[in-house]
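# Structure assessment
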Amino acid sequence: ATYPKLLLLGSSQLQQINIEHSGGPCSSFIQKLGFQLVFLPGMEEPDPNSSIPVSLETLPQLNEADLIVLLGHNFDNLNSIENMDRFEEHQLSNLKQAWENNAIAQSLDASKAGRVYFISTYLCRGLPGAIGTELYLEALKEQLLSEE
């Protein structure tokens, strides 16, 4: 209730960023929890099976977000992962580093306040159904509640 406005983004290394729209597989659960998704002013809702590409330079227009959740993915060099326990780290490490090193991303109020969270995209898209939903929501809950 303290931070109701949530910006849900998908990316691998910030070269291509997508805003996850309402009704999509990753956003519908967040809305059911009571969060209000943040969109660009005047943005039309697309097909629920697509996301909205935006440039990095557009992010300051989304600064009203109290929280930012980045859904990350990285399918490069999967053979180099020696231990599958490191799969999630492999999925998110490039995105975390890109976010931390980018002046535009760091200029956002949610970044300054330490309210940016990273979750592997595969939890909501790659594992459809009850098990994936539970894992996705548990990952989100762990990160959100770890700050309290």
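Up top is the structure.
A brief look at the structure comes next. (Residues numbered from 1 in each chain as written. Predicted model: local features only at pLDDT ≥ 70, side-chain atom pairs only at ≥ 80, totals over all residues. Heavy atoms only, no water.)

## Observations concerning the pattern of salt bridges
Test applied: Only one rule defines a salt bridge in this text: a Lys or Arg side-chain nitrogen within 4 Å of an Asp or Glu carboxyl oxygen. For the purposes of this entry, the term helix denotes a DSSP run of H or I that reaches at least four residues, the term strand denotes a run of E that reaches at least two, and both are numbered from the N terminus. For each residue, the accessible area found with a 1.4 Å probe, counting protein chains only, is set against the maximum for its type, and the residue is called buried under 20%, exposed over 50%, and partly exposed in between.
Inspection of every chain in the model, using the stated rule, returns 2 salt bridges. Two residues, Lys 5 and Glu 64, come together in a salt bridge whose shortest N-O distance is 3.7 Å. Of the two residues, Lys 5 is situated in strand β1 (residues 5-11) and Glu 64 in the loop between β4 (52-54) and β5 (67-72); the sequence distance between them amounts to 59 residues. On the basis of relative accessibility, which here comes to 29%, the residue Lys 5 falls in the partly exposed class. Judged by relative accessible area, Glu 64 falls into the partly exposed class, the value being 44%. Note that Glu 138 is salt-bridged to Lys 141, the shortest N-O span being 3.8 Å. Taken together, the positions of Glu 138 and Lys 141, both in helix α6 (residues 130-146) and 3 residues apart, correspond to about one turn of that helix.

## Quick notes on the pairing of strand β6 (residues 116-120)
Here is the rule we go by: Strand pairing is assigned whenever DSSP identifies at least 2 bridges connecting the two strands.
Counting buried residues in β6 gives 5 out of 5 residues, a clear majority hidden from the surface. A two-sided burial pattern is seen for β6, the buried positions comprising Val 116, Phe 118 and Ser 120 on one face and Tyr 117 and Ile 119 on the other. Where β5 and β6 come together, 5 bridges link them in parallel fashion. Bridged to Val 69 within β6 is Tyr 117.

## Some thoughts on the environment of Cys 124
Here Cys 124 shows up in helix α5 (residues 122-126). Of the residues examined, Cys 124 reaches a relative accessible area of 8% and is grouped as buried. Along the primary structure Cys 124 and Tyr 136 are separated by 12 residues, whereas in three dimensions their C-alpha atoms are 5.8 Å apart.

## Here we look at the pairing of β1
A large share of β1 lies buried, amounting to 6 of its 7 residues. Summarising the sheet, β1 and strand β3 (residues 36-37) pair through 2 bridges and their orientation is parallel. Within the sheet, the bridge partner assigned to Leu 6 lies in β3 and is Leu 37. Pairing of β1 with β5 involves 6 bridges; the strand directions are parallel. Bridge pairing in β5 links Gly 10 to Leu 71. Relative to strand β2 (residues 17-19), β1 runs antiparallel, the two being bridged by 3 bridges. Paired with Gly 10 across the strands is Asn 18, a residue of β2. Linking two consecutive strands that pair antiparallel, namely β1 and β2, is a turn of 5 residues; a positive phi of about 75° is found at Leu 14 within it.

Function cannot be inferred from these measures alone, as they are strictly geometric.
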